[in-house]
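Coordinate analysis (summary)
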Amino acid sequence: MADYRNCSCIACKNVFEPDDDIVVCPECGTPYHRDCWQEHGHCINTELHKSGGTWQNPNNNNNNTTDEESSNRERVLCTQCGELNPKGSSFCIHCGKKIDSVSEDNANWQKNIADMLGGFQNENENEDMGGATLGEIKNFVGKNILYYLTRFRFFFASKKKLAPNFICIIFPQFWFAYRKMWLGSLIIVLLTFLLSIPASLMTLAEQTDTILAGIQPQLEIIGAESAEIIRNRILSFSDLISDNQTLLYQIDLICSYASLALRIVLFMFGNYIYYKHCIKKIRNIHANQKSLIDTQSRIRMVGGTSIGFIFLAILLEFVLTSILTYVAIII
């Protein structure tokens, strides 16, 4: 009987247990839980079928050594999902994606990563991580699995919430957007914008002459009377800021400290916020999805990363700044 220890069902992503009822694809040999095979009706390892290859059992390639570290080093890291695969594998046994060949310069790097990932790869993916399994969190996080899994396990085991996230000191709103935490990113953008208003108003007042020179072509188009009204409003705004510059400076100082405090809080607790976000989203998916295969697909789709939402956050900041300029000067 074939040995499927430490192997995962490609459909449900769960590691095979000794008592599981396992069937294999008659064409490529990919193993499934019988229920998963019957639910889908056919093999879903399409990449392997297209290449005409066969599924490689990592236990068959084991050199019978008892040194776990040596075993990890003989495996190939899938850059898509972080799974350790038998040496020489063309396709990942976890996600089914093609494993890209690595240059000799990257070989040592890959071995080091494989050693570090070994602690997670050799454990049961059904392990509870505080409301979601280890396998589900791996699917949800997507990129940079090692970094986040080590911190999530720390949160769950120690019940502590502190694990620094250095990106949140500089660009917290963009990191939240990248990790698809839309609401968090929106709140941070709005708070950052509100706290920057005093400094923005003082900057606009200092650049009154530059602003007037910049809009001169537009003023000439709208007519002398309307242009004069706009000039007077801009000058009046500049005078108002100058008359209250001391008060505005004090407010700006308070806002600067508040902005720094916000970044420090996110620096300290950003990873924990992401951990709770992952657990919440996975639970919601389980509550709304009935099919096991659809659940895993939904987890990967809802999780992961999005560069596009970073650009949306940048666009939102630009729009808010433009609105402030219009309101302060024109109205």
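Cut-offs and rules
Residues numbered from 1 in each chain as written. Predicted model: local features only at pLDDT ≥ 70, side-chain atom pairs only at ≥ 80, totals over all residues. Heavy atoms only, no water. pLDDT = per-residue confidence, 0-100. Helix = DSSP H or I, 4+ residues; strand = E, 2+ residues; numbered from the N terminus. Contact = heavy atoms within 4.5 Å. Disulfide = S-S within 2.5 Å. Buried < 20%, exposed > 50% of the residue type's maximum accessible area, 1.4 Å probe, protein only. Patch = residues over 30% accessible without salt bridge, like charges linked within 9 Å, V, L, I, M, F, W, Y side chains within 5 Å. Areas by Shrake-Rupley, 256 points an atom, 1.4 Å probe, with all protein chains shown as cover. Salt bridge = Lys/Arg side-chain N within 4 Å of Asp/Glu carboxyl O. Lys, Arg positive; Asp, Glu negative; His and termini not counted. Charge placed at Lys NZ, Arg CZ, Asp CG, Glu CD. Axes fitted to C-alpha atoms, helices over the stretch in contact; angles between N-to-C directions. Parallel < 35°, antiparallel > 145°, perpendicular 65-115°, else oblique. Left-handed = near helix turned anticlockwise from the far one by under 90°. Nonpolar A, V, L, I, M, F, W, Y, C, P; charged D, E, K, R; others polar.

Points about the confidence of the model for the protein
- When pLDDT is averaged along the protein, the result is 79; 81% of the residues meet or exceed 70.
- Looking at the elements of the protein, mean pLDDT is at its lowest for helix α3 (residues 68-73), recorded as 46, and at its highest for helix α8 (residues 172-178), recorded as 95.
- Counting interchain partners and residues more than four positions distant, the pLDDT-below-50 stretch residues 62-73 has 10 contacts.
- Taken as a whole, residues 103-107 scores under 50 in pLDDT and shows zero contacts with residues more than four places along the chain or in a different chain.

Some points on the state of the cysteines
- In the structure shown here, the tally under the stated rule is zero disulfides.
- With no disulfide partner, C43 has as its closest neighbouring cysteine sulfur the one in C28, 3.7 Å distant.
- With a relative accessible area of 11%, C43 lands in the buried category.

Quick word on the environment of I22
- Relative to the helices and strands, I22 is located in strand β1 (residues 22-24).
- Its relative accessible area of 22% is what places I22 among the partly exposed residues.
- The spacing of I22 and H33 is 11 residues in sequence and 4.7 Å in space, taken between C-alpha atoms.

Examining a nonpolar patch on the surface
- Taken together, I167, I169, I170, F171, Y249, L253, Y257, L260 and I264 make up a surface patch of nonpolar side chains, about 880 Å² in accessible area.
- Breaking the nonpolar patch down by element, the ones donating at least two residues are α7 (167-170) and α13 (245-288).
- The element that contributes the greatest number of residues to the nonpolar patch is α13, accounting for five residues.
- Mapping I170 onto the fold places it in helix α7.

Overview of unusual backbone geometry
- Look at K159: it is not a glycine, yet its phi comes out positive at around 65°.
- Note on placement: K159 falls in the loop between α6 (145-158) and α7.
- Even without a glycine there, the phi angle at K180 is positive, about 65°.
- Here K180 lies in the loop between α8 and α9 (182-206).
- Since its relative accessible area comes to 15%, K180 is described here as buried.

Focus on a positive patch on the surface
- The grouping of K159, K161, K276 and R283 at the surface amounts to a positive patch.
- Here R283 lies in helix α13.

As for the packing of α9 against helix α12 (residues 224-243)
- Remark: α9 packs on α12, axes separated minimally by 9 Å, with the N-to-C direction vectors making an angle of 125°. Comparing the axis directions of α9 and α12 gives the class oblique. Both α9 and α12 take part in a crossing whose hand is left-handed. Between α9 and α12, the residues in contact are L201, M202, L204 and A205 and F237, S238 and I241, respectively.
- Here the contact of α9 with α12 is built from residues that sort into six nonpolar, one polar and no charged.

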